[in-house]
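Reading the structure
In case you want the letters, here they are:
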Amino acid sequence: MSGPSTYEPKSGFTRWLDKRLPIIRLGYDSFVAYPTPRNLNYWWTFGAMLSLCLIVQIVTGVVLAMHYVPHINLAFSSVQRIDRDVPFGWLIQNIHSVGASMFFLAVYIHMFRGLYYGSYKAPRELLWILGCVIYLLMVGTAFLGYTLPWGQMSFWGATVITNLLGALPVIGESIRNWLMGGFSVDQPTINRFFSLHYLLPFVIAGVVALHVWALHESGQNNPTGVEVKSKADTVPFTPHATMKDLFATTLFIMLFAVFVFYMPDALGHADNYIPANPLQTPPEIVPEWYLLPFYAILRAFDFNIGPIDSKLAGVLAMFAAIGVLFVLPWLDTSKVRSMRYRPAARQFFLVFAVVCFGLGWCGGQNPGNILAKSGDFTATLTWIQGGQVATQPIEAQSAAQWEEAARAAEQGAQGAAMMAVTRSGATTGTLRAVSGGSPQTRTVRAATTDELETEISAVKAEVGSAAPFFTVERYTPFTFTVTRLAQVLTLYYFLFFLIILPLLGLRETPGRVPDTIAKPVGDGQTQGAA
Amino acid sequence: MAGAASSAHEVGETRRDFIFIAGGAVAAVGAAATVWPFIDQMNPAADTRALSTTEVDLTAIEPGQQIKVMWQGKPVFVRHRTPTEVADAQRDDYASLKDPQIDADRIKQEDGQAGRPEWLVLQASCTHLGCIPTFAEGAYHGWFCPCHGSVYDTSGRIRSGPAPKNLYPAPYVFTGANAIRIG
Ligand code: HEM
Ligand code: FES
């Protein structure tokens, strides 16, 4: 792509260096002379911000590590000490924790850019996959880092996630204990999480180098998705891309600074300011905002799929949600890269983006919350006011014959207005039958099951001993809960990658690419002049 | 001539192949043997693994109360059940349960002897994803897990919600009239 090097060392020293270690040449070819398509828009500036984020996290992280103590009894207060006592510790700590969020903000925009403009298609498959690897490493690093301050969310987040691995059949338990270094999240866990949290960003830096190398081999995609045809379609990286990146990054830093200086805790959870307590679970455990969509997918599986229980299904789906990104280059069958020229695909893409936000929203809600329902929850209670109660013991020959014995007893009491069987042991129980009295019914309504149960208890308390027992018929309306919504959204997430993109590429009629774009720029200019 | 040369060649190659494969196999075993210590070091260490036990004095726990004690780094519920709670637990032995088990089996001591109905000793981790359920809440007044809404009865059996199993009993024995040892 970049062609033969055009670097010419000017001074004696650079000539000397160039013969021995052509590092200036590498920099020049990569970031000065490197040709970039002239039609790149601002969605192409997020790579620069991501590089900045990585550097910021590493620099602030190394400094934090000078003051942080990875110990269950000291970690929390050591972070507090950084915030309060260490000179400028508050600044560095805020930059690091806000930085994680800014990093993910930038990476999500960067990824959606790739999806929209088809940057994952040949010849950029590896470039895309390396990006997915970086994203996975980022998720891991952020999870490990979030554990370090050892607040309530740190501790319980780590507990829930390590327990997820325990859902794997057979080996799950061993893997979990191996990861925690014990039977619960404890001192060995925080120690190793610190070690790995320090390591992974450098691994990320390594993969970023490969990512940029792959980028410079295949060249940048551009908003039209049509490969650049000649030198006239490109401009040198410096000053064009450099200046544009600098401008966009400056805006990004301003947003970053707003969070760091005015609302450093806005993106975190208040409960993480409570020291970790293994004896008490916080009322709700939610991950950081950037992992909420995956949390929603995890919890969407509240049903078993054949032999796979709900817990394992959720874990598998969550990993699959990232996994599909790796094979995306082979799932999308369309030859056209940019969605600009794929009107149908663009609609599906926009829905997909909304779905991702929707999943994020679901991840932050209580899964049982009812969003819509067809009616009230109602219950009808029936009882006999002031009847005669006859109690009769039931004895079965064996536990297996219990049902039979109970039915026989009920038949014997035929004619009673109401009866109830209570089993008190494997073979014993009692039948209570009421005769006489006046039958009563009452219907109660409520907005949720919990409220309904309260209403039922209230009626029972009110009637009191006037009724020996009640029969309660409950009616549950059709309800649409957060979990149901998450299920619908999860379904679309996977349909988009596994069905829509593969089929659409074969069936759609792409929009026409204007000649001015399809042909090299040089031609366009002569036409324009004529 | 050409045929003879090529057959001699083949003989040489199979021999070389064998050396390659054997060499490769030895190297693979060596690599695995080298990597293993680096993986295994992350497993629970001997001091963590060492079966620690926890002694609990029961005199301080009034009926209707529970305490949480730490055993092997994990919390354990020691619950002094009221007669009503015991009756509720036994009444539901034959109710329709997700993970059917009778109360008497759940209070059994580690040595196989019967427990005492008023004392229930359970591992305090929700069998869903490991949160600590809250005491005497939920429709069955056993425990309620705030994380994803699992409801347990006064025997610690799962009654509703996503958890697949009953709360696991902790291994314990009575060491006196008013003392137990966990582990
Ligand atoms: C990919 C880059 C990184 C990401 C996404 C990341 C993410 C995080 C997050 C989310 C936290 C919790 C912040 C809080 O709540 O205060 C954290 C804490 C921490 N990180 Fe990082 N980090 C990265 C790089 C690094 C590096 C390179 C180091 C050290 C060499 C480091 C050292 C620390 C330390 C010591 C803490 C605990 C102190 C604290 O919470 O302020 N991090 N990290
Ligand atoms: S951890 Fe208890 S319900 Fe999920």
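Residues numbered from 1 in each chain as written. Chains lettered and ligands numbered in written order. Predicted model: local features only at pLDDT ≥ 70, side-chain atom pairs only at ≥ 80, totals over all residues. Heavy atoms only, no water.

Observations concerning the overall build of chain B
- A count of helices and strands for chain B gives four helices and 10 strands.
- Its helices and strands in sequence order give chain B the pattern α-α-β-β-β-α-α-β-β-β-β-β-β-β, from N to C terminus.
- In terms of overall dimensions, chain B is more spread out than a globule: its C-alpha atoms have a radius of gyration of 28 Å, far above the 16 Å expected for 183 residues.
- A principal-axis box enclosing the C-alpha atoms of chain B has dimensions of 100 × 35 × 30 Å.
- Relative to its 183 residues, chain B shows a buried fraction of 38%.
- Considering only residue pairs separated by 6 or more positions, chain B has 54% of its internal contacts joining residues 24 or more positions apart.
- Accessible surface computed for chain B: about 9600 Å², of which carbon and sulfur atoms make up 60%.
- Considering chain B, the positive charge centre built from 16 side chains and the negative charge centre built from 20 side chains are found 2 Å apart. (Helix = DSSP H or I, 4+ residues; strand = E, 2+ residues; numbered from the N terminus. Rg over C-alpha atoms; globule rule 2.2 N^0.38 Å. Buried < 20%, exposed > 50% of the residue type's maximum accessible area, 1.4 Å probe, protein only. Contact = heavy atoms within 4.5 Å. Areas by Shrake-Rupley, 256 points an atom, 1.4 Å probe, with all protein chains shown as cover. Lys, Arg positive; Asp, Glu negative; His and termini not counted. Charge placed at Lys NZ, Arg CZ, Asp CG, Glu CD.)

Here we look at the overall build of chain A
- Looking only at helices and strands, chain A features 18 helices and 10 strands.
- What you see for chain A is a C-alpha radius of gyration of 32 Å, clearly larger than the 24 Å of a compact globule of 530 residues, by over 25%.
- Expressed as a percentage of its 530 residues, the buried residues of chain A come to 45%.
- By sequence separation, contacts in chain A at least 24 residues apart represent 78% of the contacts at least 6 residues apart.

Some thoughts on the coordination of the iron atom of ligand 1
Residue and element names in this part refer to chain A.
- Around the iron atom of ligand 1, the donor atoms from the protein are H96 (NE2) and H197 (NE2), and they sit 2.0 Å away.
- Coordination at the iron atom of ligand 1 comes from six donor atoms whose angles at the metal span 81 to 179°, giving a geometry best classed as octahedral. Taken together, the residues H96 in helix α5 (residues 89-116) and H197 in helix α9 (residues 187-218) connect sequence positions 101 residues apart.
- A relative accessible area of 15% means that H197 is categorised as buried. (Donors = N, O, S within 2.8 Å, 3.2 Å for Na, K, Ca; no water. Tetrahedral: all angles 85-135°; square planar, octahedral: opposite > 155°, others 65-115°.)

Details of the pattern of salt bridges
- Applying the stated criterion to the full structure yields 18 salt bridges over all chains.
- Salt-bridge contacts for A:D332 lead to A:R342; the nearest nitrogen and oxygen are separated by 3.3 Å. Of this pair, A:D332 sits in the loop between α12 (310-331) and α13 (343-364) while A:R342 sits in the loop between α12 and α13, placing them 10 residues apart in sequence.
- Salt bridges here are not isolated pairs; linked through shared partners, they connect B:D88, B:R91, B:D92, B:D93, B:D153, B:R157 and B:R159. (Salt bridge = Lys/Arg side-chain N within 4 Å of Asp/Glu carboxyl O.)

Examining the pairing of strand β4 (residues 119-123) of chain B
Residues and elements named next belong to chain B.
- For β4, the buried fraction is high: five of the five residues fall into the buried class.
- Where burial is concerned, the two faces of β4 agree: the one with W119, V121 and Q123 and the one with L120 and L122 are both buried.
- In the sheet, strand β3 (residues 74-80) pairs with β4 via five bridges, with the strands oriented antiparallel. Residue pairing across strands places H80 opposite W119, the latter belonging to β4. (Pairing = 2+ DSSP bridges.)

Describing the domain arrangement of chain A
- Per the domain assignment, the segments making up chain A are domain 1 (42-285) and domain 2 (377-477).
- When each unit is reduced to the centre of its C-alpha atoms, the spacing between domain 1 of chain A and domain 2 of chain A is 58 Å. (Domains from an automatic or database assignment.)

Details of the interface of chain A and chain B
- Counting residues at the interface gives 26 residues for chain A and 25 residues for chain B.
- Together, the buried faces of chain A and chain B total about 2300 Å²; carbon and sulfur atoms form 64% of this surface.
- When residues of chain A are sorted by the area they lose upon contact with chain B, A:W178, A:F183 and A:L279 head the list and together hold 31% of the total.
- On the surface where chain A and chain B come into contact, there are zero salt bridges. (Buried area = accessible area lost by both parts, 1.4 Å probe.)

Looking at the sheet that holds strand β6 (residues 143-144) of chain B
Residues and elements named next belong to chain B.
- Ordered by their spatial adjacency, four strands build an open sheet running β5-β6-β7-β8, and the pairing between neighbours is antiparallel. Only two strands of the sheet have a single partner each, and these edge strands are β5 (134-135) and β8 (158-160).
- Examined bridge by bridge, β6 and strand β7 (residues 151-152) share two bridges and lie antiparallel to one another. Each residue of the ladder has a partner; that of F144, found in β7, is V151.

Structural notes on the packing of helix α6 (residues 125-147) of chain A against α12(A)
Residues and elements named next belong to chain A.
- As a packed pair, α6 and α12 sit with axes 9 Å apart at the nearest point and diverge in direction by 175°. Comparing their axes, α12 and α6 come out roughly antiparallel. On α12, the residues that touch E125, W128, I129, C132, V133, Y135 and L136 of α6 are I322, L325, F326, L328, P329 and W330.
- Residues belonging to the contact of α6 with α12 are distributed by class as follows: 12 nonpolar, no polar and one charged. (Axes fitted to C-alpha atoms, helices over the stretch in contact; angles between N-to-C directions. Parallel < 35°, antiparallel > 145°, perpendicular 65-115°, else oblique. Nonpolar A, V, L, I, M, F, W, Y, C, P; charged D, E, K, R; others polar.)

Examining the site of ligand 1
Residues and elements named next belong to chain A.
- As a matter of local geometry, ligand 1 sits amid 23 residues, with G61, Q93, H96, H197 and Y198 nearest to it.
- Measuring from a nitrogen atom of ligand 1, one finds a side-chain N or O atom of H96 at 2.7 Å.
- Contributing elements (two or more residues each) for the shell around ligand 1: α3 (46-65), α5, α6 and α9.
- In terms of residue count, the dominant contributor to the shell around ligand 1 is α3 (six residues).
- Grouping the constituent residues of the shell around ligand 1 by class yields 15 nonpolar, eight polar and no charged. (Near = heavy atom within 4 Å. Polar contact = N/O pair within 3.5 Å; in protein donor to acceptor, adjacent residues only side chain to side chain.)

So, empty space enclosed by the protein
Residues and elements named next belong to chain A.
- For the structure on display, the rule yields two cavities of 30 Å³ or more.
- Approximately 50 Å³ is the volume found for the largest cavity.
- Looking at the largest cavity, the residues that line it are A296, R299, A300, C362, P367, V482, T483 and A486.
- Only α11 (292-300) and α16 (482-507) provide two or more residues apiece to the lining of the largest cavity.
- Its residues placed into classes, the lining of the largest cavity shows six nonpolar, one polar and one charged. (1 Å grid on protein atoms, 1.4 Å probe; cavity = no way out; pocket = protein on both sides within 12 Å on 5 of 7 lines; lining within 4 Å. Points joined across faces, edges and corners; volume = space filled by probe spheres on them.)

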